[in-house]
Amino acid sequence: QVQLVESGGGLVQPGGSLRLSCATSGFTLDNYAIGWFRQAPGKEREGVSCISSDGTTAYADSVKGRFTVSKDNAKNTVYLQMNSLKPEDTAVYYCAAALMCYSGSNYNDPDIDEYDYWGQGTQVTVSS
């Protein structure tokens, strides 16, 4: 059974950091890509970052230089390190699995429909 479970969200001040985790089961990260998405109230879900099975990474322009995606294949876990957080980063963050990232070199407009499996989301709130 394919499952993805996000954790690590919370309330942080602007400029602070959080590390999100995406624990996966039912498949191997050696064969699947994991994308990170976020959705703020009243806004569409947008791509944030992705890491492919071979470790290639992609980022949305809005987070490049601040966020870093990584993974530990042995632990079946993907991480999203978020630094220099801004209030506009406030959203529910989701991880999702697909065979590939289905994006170009950036992750500004990923093919969301290609992601078949999704976690439940974790809330990130950036506020003073």
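What counts and what doesn't
In every chain, residue numbers begin from 1 and rise along the written sequence. Given that this is a predicted model, residues contribute local features only at a pLDDT of at least 70 and side-chain atom pairs are listed and counted only at 80 or more, while totals for whole chains, interfaces and linings are drawn from all residues. Hydrogens and water molecules were not included; the side-chain quantities draw on all heavy atoms of the structure. Labels follow the DSSP assignment, with helices taken as runs of H or I lasting at least four residues and strands as runs of E lasting at least two, numbered in each case from the N terminus. Residue contacts are defined here by distance: any two heavy atoms, one from each residue, within 4.5 Å place the two residues in contact. Should a side-chain nitrogen of Lys or Arg be within 4 Å of a carboxyl oxygen of Asp or Glu, the pair is scored as a salt bridge. Burial classes: relative accessible area under 20% of the type maximum marks a residue as buried, over 50% as exposed, and values in between as partly exposed (1.4 Å probe, protein chains only). Here a pair means two rings of Phe, Tyr or Trp (six-membered ring of Trp) with centres within 6.5 Å. Their orientation is stacked below 30 degrees between planes, edge-to-face above 60, and tilted elsewhere. The pairing criterion is simple: DSSP has to find at least two bridges between the two strands.

## Quick word on the environment of Leu4
- Here Leu4 is to be found in strand β1 (residues 3-7).
- On a C-alpha basis, the gap between Leu4 and Ser105 in space is 25 Å, while along the polypeptide they are 101 residues apart.
- What Leu4 contacts, discounting residues up to four positions off in sequence, is Cys22, Ala23, Thr24, Phe27, Ile34, Cys95, Ala96, Ala97, Tyr117, Trp118, Gly119 and Gln120.

## As for the pattern of salt bridges
- Overall, the coordinates contain three salt bridges when judged by the stated rule.
- Measuring nitrogen to oxygen at the nearest pair gives 2.7 Å for the salt bridge that ties Arg38 to Glu46.
- For Glu46, a relative accessible area of 31% translates into the label partly exposed.
- Two residues, Arg66 and Asp89, come together in a salt bridge whose shortest N-O distance is 2.7 Å. Here Asp89 lies in the loop between β8 (77-82) and β9 (91-98) and Arg66 lies in the loop between β6 (57-59) and β7 (67-72), a separation of 23 residues in the sequence. Each of the two residues, Arg66 as well as Asp89, counts as buried.
- One continuous salt-bridge network, built from bridges that share partners, spans Arg38, Glu46, Arg66 and Asp89.

## Points about the packing of aromatic side chains
- In this structure the tally under the stated criterion is six aromatic pairs.
- When the centroid spacing of 5.2 Å and the interplanar angle of 65° are considered together, the rings of Phe27 and Tyr32 count as edge-to-face.
- Classification of Phe27 as buried rests on a relative accessible area of 12%.
- By relative accessible area, Tyr32 is classed as partly exposed at 27%.
- Aromatic side chains Phe37 and Tyr107 sit 5.8 Å apart centroid to centroid with 55° between the ring planes, which places their arrangement in the tilted category. Residue Phe37 is located in strand β4 (residues 33-39), and its partner Tyr107 is located in the loop between β9 and β10 (117-118); the two are separated by 70 residues in the primary sequence.

## A word on the pairing of strand β5 (residues 46-51)
- Counting buried residues along β5, five of its six residues qualify, which places the element largely inside the surrounding structure.
- Note that β4 and β5 share five bridges and pair antiparallel. Residue Phe37 lies in a different strand from β5, and its bridge partner there is Gly47.
- Here β4 hands over to β5 after six residues, with Gly42 in that stretch at a positive phi of 75°.
- Direction of pairing for β5 relative to β6: antiparallel, over a ladder of three bridges. Of the residues in β6, the one forming a bridge with Cys50 is Ala58.
- Hairpin connection from β5 to β6: five residues lie between these consecutive antiparallel strands, with Gly55 at a positive phi of about 95°.

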